[in-house]
Amino acid sequence: MSANAPSSRPYGVPTTAYYVRDSGDGTIVSVQGFNLWYDKVQALFDITMDVPRGLVTALIGPSGCGKSTLLRCMNRMNDLIDTVRISGSMQVDDQDIYGKGVDVIGLRKRMGMVFQKPNPFAMSIFDNVVYPLRVDGVGSGRVLEETCERALRGAALWDEVKDRLGESALGLSGGQQQRLCIARAIAADPEVLLMDEPCSALDPIATAKIEELIDELKGHYSIVIVTHNMQQAARVSDNTAFMYLGKLIEYGDTEVMFTNPKLAQTSDYITGRFG
Amino acid sequence: MNADEFNLGQHTVKRYDAELEKIRSKVLAMGGLVAQQLSDAIAAITTGDSSLGEKVMNSDYRINALEVEIDEECGQVLARRQPIASDLRFILSVIKTITDLERMGDEAERIGRMAVQLVQHERPRGEYRELRHLGNMASHMLNSALDAFARTDVEAAVRTREQDQELDREYESIMRQMITLMMEDPRHIPRTLEAMWSARALERIGDRACNICEYVIFLVKGRDIRHTSWEQVQADLRDEE
C-alpha cells in the first residue's frame, strides 16, 4: 500500500509522515527539496513528495499554507510573478520542468489547469473547447469537431450542450461552465489535471457532478486537486497531502489519513481543532 | 504512542465538543446502570432474594432506552458533523460499546429471572458461592472496561482484556463442578441447570467487557485488534511505542 519517501532528501524533513498509496504505474510528478520565495518571504519549505501516476492527490491545509502555490509550480504558473524565486527540483515524467530550455507552453499543455472560478472565454461553447487546438494551429474542421465531442463527453457535459454548441459559453450555469473548463483542459490531451478548488463556487449538485467526473477521469489522467473542503478531499482522493505554513506535514493514503492520521497537527486540522 | 490521541475538547465549533461530551457522559451513565443491574442480579441469585431479582427484571428498560437515545445522537453527529479521524473513531466505538452494554443488561436481566426461579428450588449448601466469585470477576471486568473507556486508557484496556482468560478458566471449573453435582444426584438437575445458565451469562458479560476494551484500543490507537491473537496484540502495541 505505501511507498517509501523519495530517497533523496537534500535538506531532511524529519517531521513529515509519509505513507503514500502507489498506483503501480510510477510517479508522474516528483518534487525534491523544493523551496519558493515571494521576494523575501519564503512560501514553500523543502517540499519533497512523489505524485503517483493515475491517482487523485489532494492538497489540503489552512489558507496561506502554500498548497495553491505548490500546485501552480507544477505548470510553472508562478513564472508569471516577477518576484518569485525557487530552489530544489520538480520533475514531470523525469523531466526537470525548471531546467534550462524547457518549453513552458508545452509543459502547460501537459498539465491542464482548472481554477476556482470557472473562466470560460467570451465565445461559443465549441470555440471554448477547441481553443487549445486552435492555438496550436489545428485547422481541420473534422479534428476540431471530434475533439470537441470527445472532450465534452469526457467532462460529462456533451448531453447538456450538444444542441447549442454555437451559443455563448457565458450562458451556461456555474457548474456547466466549470465542466466546460475541464473539457477545455482535456481537449489539449494533458497528462495531469491540476485543479485549484474547482468546486468552491458551485452548489452541492454541481459539486457532486465534478466529483463524479474526477472519479471517471482518474486513471486516464493524474489529478492534483487543492481543496478547502475536507470531506471533498476524503471523498475524491487516493492520497492526501496536508500542508501547514509552507511545509508538507503529512502525506499519505487518504483512507488512513481520515481515520487514523499519524501526526497531531494533521488530526487537529482535519477534525476542526485548529487554533 | 499515536500522535492522533483521542481528545474530546477544543473543536473550533464549541457545540460539537458539547455534543460529543454529552454522548460520552450518557455512555458512562449507561455503563453505570449496567454495572448496578449486574451487581443486583448477582446479589439476587447468590442470596436467593427474589424481590431483588424482580427489580432487575423490571429495570432493564432504562438501559434499552439509553441505547436508543445514544444511537440517535450518534446518528445526528454523523449526519451533521461528518466526523473524521479521532472523532469518527469515537462515534464508531460508542455505537459498538452501547450494543455490548445493552446485551450485558440483557444478561443481567436473565440472571435476575433465574434468581426468581431458583427460589422455588431447595438452596444448595454452598449458596452459589462459585457464582458469586464468577460474578465478582465479571463485575470487576465491566467496571475496569468502563474505566478504561472513561479515561481512554489503553493500558487499562489491555490489562482488563487479559482478565478474561482467568474468568474463562473459572467458568470451566464451575461447569465441571455442576456436571459432577448433577451426576451425583439427578434431583439437583433443575436448579443446577438454572445456575449453569447464570454462569454462562456471566461468562458472556466478561467477553463483552473485552469487546469494550478492544473499542477503547481502536479509539485511542486507531487499530482494530478484534480477532487478533493476544500475543500479536502485545507485539504490535510494543512496536508502536
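Residues numbered from 1 in each chain as written. Chains lettered and ligands numbered in written order. Predicted model: local features only at pLDDT ≥ 70, side-chain atom pairs only at ≥ 80, totals over all residues.

Overview of the overall build of chain B
- A tally of helices and strands in chain B yields seven helices and zero strands.
- Secondary structure elements of chain B, listed N to C terminal, follow the sequence α-α-α-α-α-α-α.
- For chain B, the spread of C-alpha atoms along the principal axes amounts to about 65 × 40 × 20 Å.
- Residues classed as buried in chain B amount to 41% of the 241 residues present. (Helix = DSSP H or I, 4+ residues; strand = E, 2+ residues; numbered from the N terminus. Buried ≥ 20, exposed ≤ 12 C-beta atoms within 10 Å, placed from the backbone.)

Comments concerning the overall build of chain A
- A count of helices and strands for chain A gives 10 helices and 12 strands.
- Principal-axis analysis of the C-alpha atoms places the extent of chain A at approximately 55 × 45 × 35 Å.
- Within chain A, buried positions represent 46% of all 275 residues.
- Counted over contacts in chain A with a minimum sequence separation of 6, partners at least 24 positions apart contribute 70%. (Contact = placed C-beta atoms within 7 Å.)

Quick word on helix α4 (residues 141–154) of chain A
All names here are of chain A.
- The terminal C-alpha atoms of α4, which comprises 14 residues, lie 20 Å apart, in line with the 20 Å expected from a rise of 1.5 Å per residue.
- Along α4, the positions that sit buried rather than exposed are T147, C148, A151, L152 and G154. Projected down its long axis, α4 carries its buried residues within an arc of 155°, all on one side. Among the exposed residues of α4, those pointing more than 90 degrees away from its buried face are R142 and E146.
- Looking at the buried side of α4, the elements it contacts are α3 (125–135), α5 (158–161), α6 (174–187) and α7 (204–217).
- Directly after α4, the chain includes A156, whose backbone phi takes a positive value near 55°. (Expected span 1.5 Å × (residues − 1). Arc of directions from axis to C-beta.)

Let's talk about the interface of chain A and chain B
- Contacts between the two partners involve 16 residues from chain A, matched on the other side by 15 residues from chain B.
- Within the residue set of the side of chain A that touches chain B, elements represented by two or more residues are α8 (230–236) and α10 (264–270) of chain A.

Focus on the sheet that holds strand β7 (residues 95–96) of chain A
All names here are of chain A.
- Reading across the sheet, the four strands line up as β4-β3-β6-β7 and stay open at both edges, with antiparallel pairing between neighbours. The open sheet terminates on both sides in strands that have one partner only, identified here as β4 (41–52) and β7.
- Across two bridges, strand β6 (residues 84–92) lies against β7 in antiparallel orientation. Within β7, the residue paired with V92 across the bridge is Q95. (Pairing = 2+ DSSP bridges.)

Concerning unusual backbone geometry
Residue and element names in this part refer to chain B.
- Phi is positive for Q82, which is not a glycine, with a value near 45°.
- Positionally, Q82 belongs in the loop between α2 (50–81) and α3 (85–118).
- Phi angles above zero are rare outside glycine, and A85 is one such case at about 50°.
- Note that A85 resides in helix α3.
- Among the residues examined, A85 registers 25 C-beta atoms within 10 Å and is labelled buried.

Considering the pairing of strand β3 (residues 27–38) of chain A
Residue and element names in this part refer to chain A.
- By the bridge criterion, eight bridges tie β3 to β4 in an arrangement that is antiparallel. Looking across to β4, one finds that S30 is bridged to D50.
- Linking β3 back to β4 in an antiparallel pair, the connection comprises two residues, with D39 at a positive phi of about 55°.
- Taken together, the eight bridges between β3 and β6 define a ladder with antiparallel strand orientation. Pairing of N35 across the sheet is with S87, part of β6.

Comments concerning the nonpolar core
- With 78 residues, the main nonpolar core has L59(A), V129(A), A183(A), L194(A) and V224(A) as its most contacted residues.
- Examining the composition of this core, we find that seven residues originate from one element, α6(A), more than from any other.
- Excluding anything up to four places from it in sequence, V129(A) contacts C148(A), A151(A), L152(A), L180(A), A183(A), R184(A) and A187(A).
- With 61 residues, the next largest nonpolar core counts M57(B), L118(B), A157(B) and V216(B) among its residues. (Core = buried A, V, L, I, M, F, W, Y, C linked by C-beta atoms within 7 Å.)

Looking at helix α5 (residues 154–184) of chain B
All names here are of chain B.
- Here α5 is 31 residues long and its end C-alpha atoms lie 46 Å apart, about the 45 Å a rise of 1.5 Å per residue gives.
- When α5 is considered as a whole, its buried residues turn out to be V154, A157, T160, R161, L167, Y171, I174 and M178.
- For α5, the secondary structure elements touched by its buried residues are α4 (129–150) and α6 (189–221).

A look at the environment of R223(B)
- Note on placement: R223(B) falls in the loop between α6 and α7 (230–240).
- When residues no more than four places from it in sequence are discounted, the contact partners of R223(B) are I217(B), F218(B) and D236(B).

A word on the confidence of the model for chain B
Residues and elements named next belong to chain B.
- Across chain B, the average pLDDT comes to 90, with 94% of residues at 70 or higher.
- Looking across chain B, the model is least confident in α7, with a mean pLDDT of 75, and most confident in α2, with 96.
- Across the predicted assembly, pTM comes out at 0.84 and ipTM at 0.77. (pLDDT = per-residue confidence, 0-100.)

Section: the environment of D189(A)
- Note on placement: D189(A) falls in the loop between α6 and β9 (192–196).
- Remark: the alpha-carbon pair of D189(A) and R110(A), spanning 79 residues in sequence, is separated by 7.1 Å.

Observations concerning the packing of α5(B) against α6(B)
Residue and element names in this part refer to chain B.
- With their axes 9 Å apart at the nearest point, α5 and α6 run at an angle of 165° to one another. Overall, the two elements α5 and α6 adopt an arrangement that is roughly antiparallel. As for the relative orientation of α5 and α6, their crossing is left-handed in sense.
- Of the residues assigned to the contact of α5 with α6, the class counts are 19 nonpolar, three polar and six charged. (Axes fitted to C-alpha atoms, helices over the stretch in contact; angles between N-to-C directions. Parallel < 35°, antiparallel > 145°, perpendicular 65-115°, else oblique. Left-handed = near helix turned anticlockwise from the far one by under 90°. Nonpolar A, V, L, I, M, F, W, Y, C, P; charged D, E, K, R; others polar.)

Some remarks on the packing of α2(B) against α3(B)
Residues and elements named next belong to chain B.
- Interaxial distance between α2 and α3 falls to 8 Å at its minimum, and their mutual angle equals 165°. Classified by the interaxial angle, the pair formed by α2 and α3 is roughly antiparallel. For the pair α2 and α3, the crossing hand works out as left-handed.
- A class-by-class count of the residues in the contact of α2 with α3 yields 15 nonpolar, five polar and eight charged.

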